[in-house]
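# Topology and contacts: notes
The lines below spell out each chain.
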There are 2 protein chains.
Amino acid sequence: MNMILPVTEELGRSRPLAKREAPTWTLPLDQILMGDCITEMARLPAKSVDMIFADPPYNLQLGGELFRPEGGRVDACDDDWDKFDSLAAYDDFTREWLAEARRILKDNGTIWVIGSYHNIYRVGSLLQDADFWILNDIVWRKANPMPNFRGTRFTNAHETLLWCAKDEKARYTFNYRAMKALNDDLQMRSDWVLPICSGGERVKGNDGGKAHPTQKPEALLYRILLACTKPGDVVLDPFFGTGTTGAVARRLQRRWIGIERERAYVKVASERIASTLPLDESAMQTVADKRSQPRVAFGLLVESGMVPPGATLTDSKRRWTASVRADGSLACAEHSGSIHKVGAALQGAPSCNGWTFWHVEQDGALVVIDALRQKHLAGL
Amino acid sequence: MNMILPVTEELGRSRPLAKREAPTWTLPLDQILMGDCITEMARLPAKSVDMIFADPPYNLQLGGELFRPEGGRVDACDDDWDKFDSLAAYDDFTREWLAEARRILKDNGTIWVIGSYHNIYRVGSLLQDADFWILNDIVWRKANPMPNFRGTRFTNAHETLLWCAKDEKARYTFNYRAMKALNDDLQMRSDWVLPICSGGERVKGNDGGKAHPTQKPEALLYRILLACTKPGDVVLDPFFGTGTTGAVARRLQRRWIGIERERAYVKVASERIASTLPLDESAMQTVADKRSQPRVAFGLLVESGMVPPGATLTDSKRRWTASVRADGSLACAEHSGSIHKVGAALQGAPSCNGWTFWHVEQDGALVVIDALRQKHLAGL
DNA sequence: CGATGCCTTGAATCCCTTG
DNA sequence: CCAAGGGATTCAAGGCATC
């Protein structure tokens, strides 16, 4: 079965293509293809997408029911789509979709795969077998994981992501400066502390419960897409689920293609993405060269949505304003850079503590961004 | 070549062995076996060690070390190895030493393997292929990693450890309470923040430089041995290097066996371990695991008059009450039976720990009956 | 309106001894 | 071998009601 659901209007700028790359096909951009991931991938043309983000079944192999100490039952991920007859069956499935992924990916494109210890060693090994070249393994350290209720193991508090190029020589995209800016002017490390997806971000089903058992946080996709794609790049997600990849891609003005088998998830994802708005141009500017050197601890607040890209900051007396860009740097008419640098430049001062200088308007009142930082710190 | 170097005197208490386990062999305890790891492991008896810690070659693919199936080192200037051959050779080598490890390990023993993204996906996959059962993957988050100098990737700031039992049903050792105590009374998580090995701990060679390129921090082994072995247990390290495993094992009063092929490392490790002192008895005390405490029947407290027959028990919020019968069972309007069964029935829960659920009123305050049990155990 | 406290929940390979 | 039953076991967030 193949059903193409157009979700968004055309957006993003068209990028000039080199002669050799001129495609003879048209990609189903910004759409969800409903159907089996391998079948649908097989219909897509070779070397056509810039990035693949894949959140495949983990093959959890859970036993019986698990109860919490106070008696509650753990709502396990026991869906049929996560069940495989054997490790060999899981390997066959993985080999197959990885082969299609490799075919579809541009030569300088990269692939991200997320998993847990149940499956990630299979996936990593098969990625290497398929001649993918691992660039990093990334650890998502969950700020608020589920505890181990029986006291039998260490709290399983992380998941692993693999980031690979098609081969050792590939010239992949890595927005080093944007990542450094997002991390308080320190190199972004291979371990990322992020909360799990909950609260308002978690998509609810008709029954009020979670629409999907394994929805990923937008902050995770935000960092991945900001790090490894450019605006207008095409991102394919063959295990689309509730469409986190599509929502973040649209927000960051990337193009996306989703593949999803379950009709219910397709519906949920379509509605979700349709209600997501792309960032405007000024927010989309990322640090391009050394001179802008933003010094921001601030990026984490941007990433987590506490201060959304595009938000306007002002000083306590509303004499100046500046807008927040996607990588946590600020821009106003004459200046751009870190919260500290722009604050200093506007005041004509040699230096400025941006944390106490800048404020955001919240519910009609000005809130100093240092308060938000404290809130964030307290939350971690 | 096989050279046995006795390093330490006998230490640790002898553990009583069940009849069936009575060994007909003698292990080379607290010694370094000099030679190839697979050859030396092949000499050790089956099901004889409680834990294996392995820090195998990482197969960095930097034009550096490659290993033949038999474990021999490939001459670094041999350029004929293509990627497939090197991965396959690494897999063969890994399969071989894992097979020996599995043979030597007791049925309830566990194995730890550390690696980086270069090799850990091969190792993890082959562990599963060899029917090992992954209990956790642990992320060692380096507090002070080497930066990525070229700005082409995320800072590679962690290594991964795999902790496995021999099969799904194995009853492995996990000192839950000790780990919780080590982590400020919170469950120990799967991500460990530890500094890399440097400073005075780093063993120096004759030239003043580091004696070994990949010496692991003692804190890492300390946590592993404290978590997953008991005093007197035997730990095998087939890639002994500078002997961190031996040094920490001796400190924590565990027995150890090291295998190392390089004479220089054997010498360094011997001297290092000889100068390491075991902790004294008082320092060796760890938080007692409740599971290992002797059982006390609730009836015993009734018998001794600590909780008189006819006394009324209630939960912490006084939502339910029940009365104590002469035989130590409870009764309320609708249910009767053990403290556990009645507690479970009243709550509609699948199970209940009556010891922590029920309270007695003493001097106007509620006292949990588990406290009375502890008092009884203490002989008060 | 803010502070407090209770309830719910999240990709989970989640017990062990005795009869 | 299985069945029964004792009794060991939870962290951080968000939502919501209450004070």
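The name recorded for chain A in an unreviewed UniProt entry is Methyltransferase, from Sphingomonas ginkgonis. Note on chain A: under the UniProt heading Sequence similarities (unreviewed entry), the record states "Belongs to the N(4)/N(6)-methyltransferase family." Recorded in UniProt for chain A, the comment headed Catalytic activity (unreviewed entry) runs: "a 2'-deoxyadenosine in DNA + S-adenosyl-L-methionine = an N(6)-methyl-2'-deoxyadenosine in DNA + S-adenosyl-L-homocysteine + H(+)".

### Comments concerning the packing of aromatic side chains
The tally for this structure, following the rule as stated, stands at 35 aromatic pairs over all chains. Aromatic pair Phe154(A) and Phe174(B): ring centres 4.8 Å apart, planes at 70°, arrangement edge-to-face. Of this pair, Phe154(A) sits in the loop between β5 (133-142) and β6 (158-165) while Phe174(B) sits in the loop between β6 (158-165) and α4 (176-182), which puts the two residues in different chains. Overall, Phe154(A) belongs to the buried group, its relative accessible area being 1%. For the pair Phe154(A) and Trp192(B), a centre-to-centre distance of 5.4 Å together with 65° between the ring planes defines the contact as edge-to-face. Pair noted here: Phe154(A) is in the loop between β5 and β6 and Trp192(B) is in strand β7 (residues 191-194), and the two residues belong to different chains. Each member of the pair, Phe154(A) together with Trp192(B), is buried. A network of ring pairs unites the aromatic residues Trp112(A), Trp163(A), Tyr172(A), Phe174(A), Tyr176(A), Trp192(A) and Phe154(B) as a single cluster. The residue whose ring lies beneath Arg223(A) is Trp192(A), and the NZ or CZ to ring-centre distance is 5.0 Å. One Lys or Arg, Arg373(B), reaches over the ring of Trp355(B) and ends 4.4 Å from the middle of that ring.

### Some thoughts on the pairing of strand β14 (residues 359-362) of chain B
Residues and elements named next belong to chain B. Sheet topology note: the strand β10 (residues 312-314)/β14 ladder contains two bridges and is antiparallel. Looking across to β14, one finds that Thr 314 is bridged to His 359. Pairing between β14 and strand β15 (residues 365-368): four bridges, direction antiparallel. Bridge pairing in β15 links Gln 362 to Ala 365. Hairpin geometry of β14 and β15 is characterised by an intervening segment of two residues between the two adjacent antiparallel strands and by a positive phi of about 55° at Asp 363.

Scoring rules and cut-offs
Residues numbered from 1 in each chain as written. Chains lettered and ligands numbered in written order. Predicted model: local features only at pLDDT ≥ 70, side-chain atom pairs only at ≥ 80, totals over all residues. Heavy atoms only, no water. UniProt positions renumbered as here; feature names shortened; annotations may be inferred. Phe/Tyr/Trp six-rings, centres within 6.5 Å; stacked < 30°, edge-to-face > 60°. Helix = DSSP H or I, 4+ residues; strand = E, 2+ residues; numbered from the N terminus. Buried < 20%, exposed > 50% of the residue type's maximum accessible area, 1.4 Å probe, protein only. Lys NZ or Arg CZ within 6 Å of the ring centre and 35° of its normal. Pairing = 2+ DSSP bridges.

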